[in-house]
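# An overview of the molecular structure
So the chains spell out like this:
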Amino acid sequence: MTTTSAPREPIVLGIESSCDETGIGIVAGRRLLTNTVSTSMDEHARFGGVIPEIASRAHLEAMIPALDAALDEAGVGMDEVDAIAVTSGPGLSGALMVGVSAAKALAVATGKPLYAVNHLVAHVGVGLLEDSASAAGDTESEASLLSGLGALLVSGGHTEILKVSEISGDVTLLGSTLDDAAGEAYDKVARVLGLSYPGGPAIDRAAASGDPRAFTFPRGLTAAKYMGTVQDPGSHRYDFSFSGLKTAVARVVEGLEAHDEPVPVADIAASFQEAVADVVTSKAMLACTENGIDILLLGGGVAANSRLRQLVSERCSEHGIRLVVPKLSLCTDNGAMVAALGARLVQSGVAPSGLDFTADPSLPVTTVSIGS
């Protein structure tokens, strides 16, 4: 009697360059082989934010060394790679073009199929890797993770709630920020408080010794006139706004300084952080319960925030929602998440993108991959 061996898991190399991290990741199916990241964050720190031209130049300098390091760490050669995936959007235009150009050159040189994928959906895909989740069932099957799946993505550029019916091609945007992303608000408030960049870690540290009830800051888009009903497509039921919160913090600081009073940095940081975590998690719970989502993946750089992680865990438990949080190294932008989504596309039989696509800084989350 003859036996047939199981098909080999596709080895996919992922390239990420949407902002200030040059990421190269390699996966074999759901197994992570390497996640190499080179960041230019220190070069942006003195400006208090990412400078697109600096980011693009840093990607050019880091791309080949990062690729060589990733292949070496994974112990594979390009001849063993089955496909290449690259972030085509959303992100910074120049930064995206560096990654896309590198991926196209690599695909032409090696003859490997190329997949142009969505950066935001990739944040979800990384949570499907084996041993990637720090808060839930690492060994569970991919099928169990994909049933009733939603995502809360909180980063410097995006704050969104997604419903993921099929990660290879059916993603629905339930809610998003109308102005600043949460991470962007952290950076701006940190600057007001005289804290370092990036603002997320700085505010988290300062808040540890502060009183989150010292100041009552606004929770954007939570008034009845914005919430509407679940049937009302014109409402902002699941949407976010952080510009008013940022302004409220600035006004408090300005008022104190105008009266020569000391600024209680820790209390303001804790109160600001509580406002962000409260509105983000409460709206996420509402979206989950009203849209049949019973597994929530928390992703994006702000997923490292201690109060956000604590509160989303508490509220998911209260609502009977299983929480999945990728390891911290996989929450921020990285190539592993791009490779993970690419592997899912390969296994689902999705056609490669070819070479005619371009970087799209405004690529909608509903476009999981760009067709050929």
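Here is what the cut-offs are and how they apply
Residues numbered from 1 in each chain as written. Predicted model: local features only at pLDDT ≥ 70, side-chain atom pairs only at ≥ 80, totals over all residues. Heavy atoms only, no water. Pairing = 2+ DSSP bridges. Helix = DSSP H or I, 4+ residues; strand = E, 2+ residues; numbered from the N terminus. Axes fitted to C-alpha atoms, helices over the stretch in contact; angles between N-to-C directions. Contact = heavy atoms within 4.5 Å. pLDDT = per-residue confidence, 0-100. Expected span 1.5 Å × (residues − 1). Buried < 20%, exposed > 50% of the residue type's maximum accessible area, 1.4 Å probe, protein only. Polar contact = N/O pair within 3.5 Å; in protein donor to acceptor, adjacent residues only side chain to side chain.

## Some points on the sheet that holds strand 5 (residues 114-118)
The sheet built from five strands is open, its strands ordered 3-2-1-4-5 with mixed pairing. This sheet does not close on itself; its edge strands, each paired only once, are strand 3 (31-39) and strand 5. For this sheet, the mean inter-axis angle between neighbouring strands, taken without regard to orientation, is 20 degrees. In this sheet, strand 2 (residues 21-28) lies alongside strand 1 (residues 11-16) in antiparallel orientation, the contact comprising six bridges. Following the sheet pairing, Ile 11 is matched in strand 2 by Ala 28. Across the sheet, helix 3 (residues 93-110) lies against strand 1, strand 4 (83-89) and strand 5, angled at about 160 degrees from strand 4, the strand it touches most. Taken strand by strand, helix 13 (residues 335-347) contacts strand 1, strand 2, strand 3, strand 4 and strand 5, and its axis lies near 135 degrees from that of strand 1.

## Re the pairing of strand 8 (residues 170-176)
Note: strand 7 (residues 159-166) against strand 8, six bridges, orientation antiparallel. Across the sheet, residue Leu 162 finds its bridge partner in strand 8, namely Leu 173. Taken together, strand 7 and the strand that follows it, strand 8, pair antiparallel across an intervening segment of three residues.

## Comments concerning the confidence of the model for the chain
The pLDDT averaged across the chain works out to 92; a share of 94% of its residues lies at or above 70. Between residues 1-5, whose pLDDT stays under 50, and residues either more than four places distant or in other chains, the model counts zero contacts. Across residues 135-139, where pLDDT falls below 50, the model places nine contacts with residues more than four positions away in sequence or in other chains.

## Side note on the sheet that holds strand 10 (residues 322-324)
Reading across from one edge, 8-7-6-9-10 is the order of the five strands in this open sheet, with mixed pairing throughout. The outermost strands of the open sheet, each flanked by one partner alone, are strand 8 and strand 10. The mean angle between the axes of side-by-side strands here comes to 25 degrees, regardless of whether they run parallel or antiparallel. Strand direction decides the pairing type here: strand 9 (residues 295-299) and strand 10, joined by three bridges, are parallel. Looking at strand 10, one finds that Ile 295 is bridged to Arg 322. Across the face of the sheet, helix 10 (residues 265-290) comes into contact with strand 6 (149-154), strand 7, strand 8 and strand 9 while running at roughly 25 degrees to strand 7. In the packing of helix 11 (residues 306-319) onto the sheet, contacts are made with strand 6, strand 9 and strand 10, and the angle to strand 9 comes to roughly 175 degrees.

## Digging into helix 3
Relative to the 26 Å expected for 18 residues at 1.5 Å per residue, helix 3 spans 26 Å between its end C-alpha atoms, a close match to the ideal helical length. Taken residue by residue, helix 3 has Ala 95, Leu 96, Val 98, Gly 99, Val 100, Ala 103, Leu 106 and Ala 107 as its buried positions. Residues of helix 3 that are buried make contact with strand 1, helix 2 (52-74), strand 4 and strand 5. Just beyond helix 3, the residue with positive phi is Gly 111, at close to 75 degrees.

## Concerning the side chain of Ser 235
In this structure, Ser 235 sits in the loop between helix 8 (224-227) and helix 9 (243-258). Judged by relative accessible area, Ser 235 falls into the buried class, the value being 14%. Side-chain polar atoms of Ser 235 contact the backbone oxygen of Met 227, separated by 3.5 Å. There is a polar contact of 3.5 Å between the side chain of Ser 235 and the backbone nitrogen of Arg 237. Those residues in contact with Ser 235 that lie beyond four places of it in its chain are Tyr 226, Met 227, Gly 228 and Thr 229.

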